[in-house]
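# Survey of secondary and tertiary structure
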Amino acid sequence: MGFLLATFFCVFALPASAQERDKFSICWSIYVGWMPWGYGANEGIVKKWADKYDIEIDVVQINDYVESINQYTAGQYDGCSMTNMDALTIPAAGGVDSTALIVGDFSNGNDGVVLKGESDLKAIKGQDVNLVELSVSHYLLARALESVDMTERDVNVVNTSDADLVSAYTSDDVTSVVTWNPLLSEIVSMPESKLVFDSSQIPGEIIDLMVVKTDVLKANPDFGKALVGAWYEIMSTMSGDSASAKAARRAMGEASGTDLAGYESQLASTRMFYTPAAAVEFTQSDDLKTTMQYVAEFSFQHGLLGEGAPDATFIGVETPSGVYGNTGNIKLRFDPTYMEMAADGEL
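Rules used throughout
Residues numbered from 1 in each chain as written. Predicted model: local features only at pLDDT ≥ 70, side-chain atom pairs only at ≥ 80, totals over all residues. Heavy atoms only, no water. Buried < 20%, exposed > 50% of the residue type's maximum accessible area, 1.4 Å probe, protein only. Helix = DSSP H or I, 4+ residues; strand = E, 2+ residues; numbered from the N terminus. Pairing = 2+ DSSP bridges. Phe/Tyr/Trp six-rings, centres within 6.5 Å; stacked < 30°, edge-to-face > 60°. Core = buried A, V, L, I, M, F, W, Y, C linked by side-chain atoms within 4.5 Å. Contact = heavy atoms within 4.5 Å. Expected span 1.5 Å × (residues − 1). Arc of directions from axis to C-beta. Right-handed = clockwise from strand over helix to strand, strands pointing away. Salt bridge = Lys/Arg side-chain N within 4 Å of Asp/Glu carboxyl O.

### Considerations on the pairing of strand β1 (residues 23–28)
- With five of six residues buried, β1 is to be regarded as a mostly interior element.
- In this sheet, strand β2 (residues 56–61) lies alongside β1 in parallel orientation, the contact comprising six bridges. Directly across from Ser25, in β2, lies its bridge partner Asp58.
- With two bridges joining them, β1 and strand β3 (residues 79–83) adopt parallel strand pairing. Within β3, the position partnered with Ile26 by the bridge is Gly79.

### Looking at the packing of aromatic side chains
- Within this structure, the stated rule accounts for nine aromatic pairs.
- On the numbers, 5.1 Å between centres and 55° between planes, the contact of Tyr31 with Trp34 is tilted.
- With relative accessibility at 4%, the residue Tyr31 sits in the buried group.
- Ring geometry for Trp37 and Trp231: centres 4.9 Å apart, planes at 35°, overall tilted.

### Details of the nonpolar core
- Ranked by internal contacts, the top residues of the largest apolar core, which has 104 residues, are Trp37, Ile57, Leu88 and Ile124.
- Of the residues forming this core, the biggest block, 10 residues, is contributed by helix α10 (residues 221–238).
- Once residues lying within four places of it in the same chain are set aside, the contact partners of Ile57 are Phe24, Ile26, Val46, Ala50, Phe223, Ala226 and Leu227.
- Counting 11 residues, the second-largest nonpolar core is a separate cluster that includes Leu165, Val166, Val174 and Val177.

### Concerning helix α11 (residues 243–255)
- Taking 1.5 Å of rise per residue, 13 residues should cover 18 Å, and α11 covers 18 Å from first to last C-alpha, within 8% of that figure.
- Every buried residue of α11 is accounted for by Ala245, Ala248, Arg249, Met252 and Gly253. Each buried residue of α11 lies within a common arc of 135° when the element is viewed along its axis, so the set occupies one face. Those residues of α11 that are exposed and angled more than 90 degrees off the buried face are Ala243 and Glu254.

### Focus: the pairing of strand β6 (residues 128–131)
- Bridge count for β6 against strand β7 (residues 156–159) is four bridges, and the pairing is parallel. Pairing of Asp128 across the sheet is with Asn156, part of β7.
- As a crossover connection, the stretch from β6 through helix α6 (residues 136–147) into β7 is right-handed.

### Let's talk about the side chain of His138
- For His138, the position within the fold is in helix α6.
- You can call His138 buried: its relative accessible area is 2%.

### Thoughts on the pattern of salt bridges
- This structure, assessed with the given rule, holds nine salt bridges.
- Close ionic contact of Glu233 with Lys48 constitutes a salt bridge, the shortest N to O distance being 2.9 Å. Here Glu233, found in helix α10, pairs with Lys48, found in helix α3 (residues 45–52); they are 185 residues apart in sequence, far enough to count as distant.
- For Arg333, the salt bridge identified is with Asp97, shortest N-O distance 2.7 Å. Linking Arg333 in strand β14 (residues 330–334) with Asp97 in the loop between α5 (84–92) and β4 (98–107), this pair joins segments that are 236 residues apart in sequence.
- Each of Asp97, Glu318 and Arg333 takes part in salt bridges that share partners, so that together they form one network.

Below, the structure written as structure tokens:
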């Protein structure tokens, strides 16, 4: 009987990740729009909101961005900061059903294409381009090339870790890079560097998110409430011109290797959604579904949706305005429910 009972629970119990529990972990990496997570952890804001719901949330910084997403996908974390494209091509493509719990911002100049000694994007033709291959930098390059009637066949992409990009650019044989802030600002400040295309030319397409496991969220709604509540308290703290807001931004800047002025210059090229209402409005727009179609098509062309993907619609992406792709294989969900709760003061 004991064996049969154990077998019954083994077969029919929820996966461990989907069970009710009181301890969770999220990870994040250095980027202007994700620095608030480190600040919120250091200042006790995340703990305050976790305590409100009688749970624990461990906030972990990981220095390698792609590795952070890989670890999330492998099950080591319940949530992770990432872009919309990476959410589609790594966890979703890997079969991990994920929900964009918080739509934090979109890049509005924070990602860019830099040429050495050339101020015209067309000069990139025939060059080696150093970037994190198959990341949003690669997507930005493809969109940049489209704008001047070129394709990736006109350049040679050289896969380079984000940790190595700045040092690589200082060598004479590296003449073109695509990256994001704070690396972008550092490279642009170097002699002969020319920013020839940036994400402000494709607004709303590179979106920064806090993504969580859908099954974990469903089984533990308080996890979602605590994260969203903490996030918008941090947003309220860091926005505006008060001394406390500047102190928060200064702390975030220093944690990312710059100062207040440097961090504020990065914020200037980021469309932050400081209020939940603004994030909800963006998420509910029809434009989000169209953007995810662009992203899915790029991802399919580069083999990022998995070997079995027959076309760009293989993975379903659920948005408030409808599903792009396969409704029977939804693996990425933009769900504004918890942000709406924040906007309505219900957390």
